[in-house]
Amino acid sequence: MRYGLKGRVAIVTAASRGIGLGVARVLGREGMRLIISSRDRERLAEAQRELRGEGIEVETVVADITVRSDVRRIVDVAVGRYGTVDVLVYNTGPPKPGTFMELSDEDWEYGVRLLLMSAIWITRDVVDHMIRKRSGNIIYITSSTLKQPIPSLTLSNVVRLSIAGLVKTLAHQLGPYNIRVNGILQGYVDTERLREVASDRARREGKAVDQVLLELASQIPIGRLGRPEDVGELAAFLASDTASYISGSLIGIDGGMVLCL
Ligand code: NAD
């Protein structure tokens, strides 16, 4: 345990697999007590078993992050179980892909609930507790699309930008309460979701999935896709007192892929 996080309480949302689970694994290995949530009951239970198998203290909440009452339950369960929340790591499910002309009004409304309203809801709930105890840490997992849009991911390119505004605004408003707020902008991370996207592209382009994954990796100067635990390591650092002067920052983790500042 490297970051002095032992015994602190973290919520990680959308964490039954992929990046969220990788973050939970790293925070749990650092001795944090966890609440993980997802809408996928079975995979969430599987994730809990896996983490508990490593000796990690973890409770679960089945919650669809696009539903206000579900989101409220995540924080209620955390406070009920552990009496406090020290760290919120906000993650969501992926938005529907598509160009602007392919997306309907309903897609946009759902995308805004998935990528923005869920962040506002859970932040509002958790910040009440953090302000009362004059300490806290909020980390939003977003995407490299904040800096470098991907043409087929219109919802991500557009709606996620608002999280940058949220990070800056909250860092300013909550800093006086000793609450730090930051965002993580990850590039390609090797998850089931990325493999689903790759296999879709492979089918359309008549290629093997591994070929498509190699092509993605070849766009990355470091020469490999990210691992969910790479994002977890950054989250653990940001959550720790080692990062006590970092707030209002949007930090890329993409193997050098994003070229703009
Ligand atoms: P994933 O599909 O592997 O995992 C998504 C998780 O979110 C799962 O636990 C799933 O159950 C949960 N989830 C989905 N919809 C939900 C909902 N409505 N309510 C509650 N839980 C829900 O995805 P991932 O690759 O780990 O990506 C996580 C996030 O990071 C996504 O928003 C994705 O768009 C973004 N992202 C991923 C990459 C990548 O390369 N993997 C890159 C940039 C951004």
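Note that the structure is predicted; figures quoted are calculated from it, not measured.

Asks: How do you make sense of helix α2 (residues 41-53) when you look at a structure like this?
Replies: Structurally, the α-helix is built with 3.6 residues per turn, so residues lying three or four positions apart point the same way. Taking 1.5 Å of rise per residue, 13 residues should cover 18 Å, and α2 covers 18 Å from first to last C-alpha, within 8% of that figure. Taken residue by residue, α2 has L44, A47, Q48 and L51 as its buried positions. Buried residues in α2, looked at end-on, bunch into an arc of 100 degrees, giving them a common side. For α2, exposure combined with an orientation more than 90 degrees from the buried face picks out E42, R49 and G53. On the buried face of α2, the contacting elements are α1 (18-29), β2 (33-38) and β3 (58-62). Within two residues after α2, G55 carries a phi angle of roughly 85 degrees, on the positive side.

Asks: Would you mind showing me how to read the packing of aromatic side chains here?
Replies: Given two aromatic rings, their pairing is described by the distance between the two centres and the angle made by the two planes. Using the criterion set out here, one finds 2 aromatic pairs in the structure. Ring centres 5.6 Å apart and planes at 65 degrees place the aromatic pair Y90 and Y140 in the edge-to-face group. Here Y90 is found in strand β4 (residues 87-90), whereas its partner Y140 is found in strand β5 (residues 136-141), with 50 residues between them in sequence. Residue Y140 is classed as buried on the basis of its relative accessible area, which comes to 0%.

Definitions and limits used
- Residues numbered from 1 in each chain as written.
- Predicted model: local features only at pLDDT ≥ 70, side-chain atom pairs only at ≥ 80, totals over all residues.
- Heavy atoms only, no water.
- Helix = DSSP H or I, 4+ residues; strand = E, 2+ residues; numbered from the N terminus.
- Expected span 1.5 Å × (residues − 1).
- Buried < 20%, exposed > 50% of the residue type's maximum accessible area, 1.4 Å probe, protein only.
- Arc of directions from axis to C-beta.
- Contact = heavy atoms within 4.5 Å.
- Phe/Tyr/Trp six-rings, centres within 6.5 Å; stacked < 30°, edge-to-face > 60°.

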